[in-house]
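Okay, here's what each chain looks like letter by letter:
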Amino acid sequence: MTQLTQRELIQHYFDRLFNEGRVELVNELLHPEYVNHSPGWPELPRGREGVAIVVQAMRRAFPDLHYTIEDLIEQDGAVAVRARARGTHRGEFLGKPGTGRTFDVSQITIERFRDGKIVGHHRVTDELALQRQIGIVT
């Protein structure tokens, strides 16, 4: 892959990695020293291998998972993204079988870059709204 701009790399990150589930792109998009600083699934590895696990788990639970970038603020070395995530709960998620219900939630991420790749990730997602919408909590 040729050197992408920060904006292009983030678009690939959401479109190809998460929306298409192309985990083979993890090493191309994420720096070898990548660290996930998000609280989401604390039991997972914080490096690139953890991202591949998350993508695969999310795609199994929500085969139609789709992120849409709504805002992108860029500065030298970092990008902040406000995105919407949507999908249908078809497979196991958080130990609960698929409900067939859909979700539509907002998330904000801050991605830091080094050597043309994402090296640091911070994310805040309305996870309670997601769980309520798919019916696994009330």
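Since the structure is predicted, the reported quantities are computational estimates derived from the model, not experimental observations.

**Here we look at the overall build of the protein**
If you tally the helices and strands in the protein, you get four helices and five strands. Ordering the α and β elements of the protein from the N terminus gives α-α-β-α-β-β-β-β-α. In summary, the protein has a C-alpha radius of gyration of 15 Å against a globular reference of 14 Å for 138 residues, a match within 12%. Dimensions of the protein along its principal axes, counting C-alpha atoms only, are 45 × 25 × 25 Å. When the accessible surface of the protein is split by element, carbon and sulfur atoms take 49% of a total near 7,400 Å². Seen as two clouds, the 18 positive and the 19 negative side-chain charges of the protein have centres 5 Å apart.

**Thoughts on the sheet that holds strand β3 (residues 78-88)**
Across the sheet, five strands lie side by side as β1-β5-β4-β3-β2; this open sheet has mixed pairing. Whereas interior strands pair on both sides, the edge strands pair on one side only; in this sheet they are β1 (30-36) and β2 (66-75). Neighbour to neighbour, the strand axes of the sheet diverge by 25 degrees on average, direction disregarded. Here nine bridges tie β2 to β3, and the two strands are oriented antiparallel to one another. Looking at the pairing, Leu 72 lines up with Val 81 of β3. Here helix α1 (residues 6-19) sits on the sheet in contact with β1, β2, β3, β4 (102-114) and β5 (117-125), set at roughly 160 degrees to β2.

**Details of unusual backbone geometry**
In this model, Leu 94 sits at a positive phi of 55 degrees, which is unusual for a non-glycine residue. Within the secondary structure layout, Leu 94 lies in the loop between β3 and β4. Positive phi, close to 55 degrees, is recorded for Asp 115, a residue that is not glycine.

**Thoughts on the pattern of salt bridges**
Counting across every chain of the model gives ten salt bridges. A salt bridge links Arg 84 to Glu 70, with the shortest nitrogen-to-oxygen separation between them at 3.6 Å. Note that Arg 84 is positioned in strand β3 and Glu 70 in strand β2, a separation of 14 residues in sequence. You can call Arg 84 partly exposed: its relative accessible area is 25%. In this structure Glu 70 comes out as partly exposed when scored by relative accessible area, which is 30%.

Basis of the calculations
- Residues numbered from 1 in each chain as written.
- Predicted model: local features only at pLDDT ≥ 70, side-chain atom pairs only at ≥ 80, totals over all residues.
- Heavy atoms only, no water.
- Helix = DSSP H or I, 4+ residues; strand = E, 2+ residues; numbered from the N terminus.
- Rg over C-alpha atoms; globule rule 2.2 N^0.38 Å.
- Areas by Shrake-Rupley, 256 points an atom, 1.4 Å probe, with all protein chains shown as cover.
- Lys, Arg positive; Asp, Glu negative; His and termini not counted.
- Charge placed at Lys NZ, Arg CZ, Asp CG, Glu CD.
- Pairing = 2+ DSSP bridges.
- Axes fitted to C-alpha atoms, helices over the stretch in contact; angles between N-to-C directions.
- Contact = heavy atoms within 4.5 Å.
- Salt bridge = Lys/Arg side-chain N within 4 Å of Asp/Glu carboxyl O.
- Buried < 20%, exposed > 50% of the residue type's maximum accessible area, 1.4 Å probe, protein only.

Any functional reading would require information that these geometric values do not contain.
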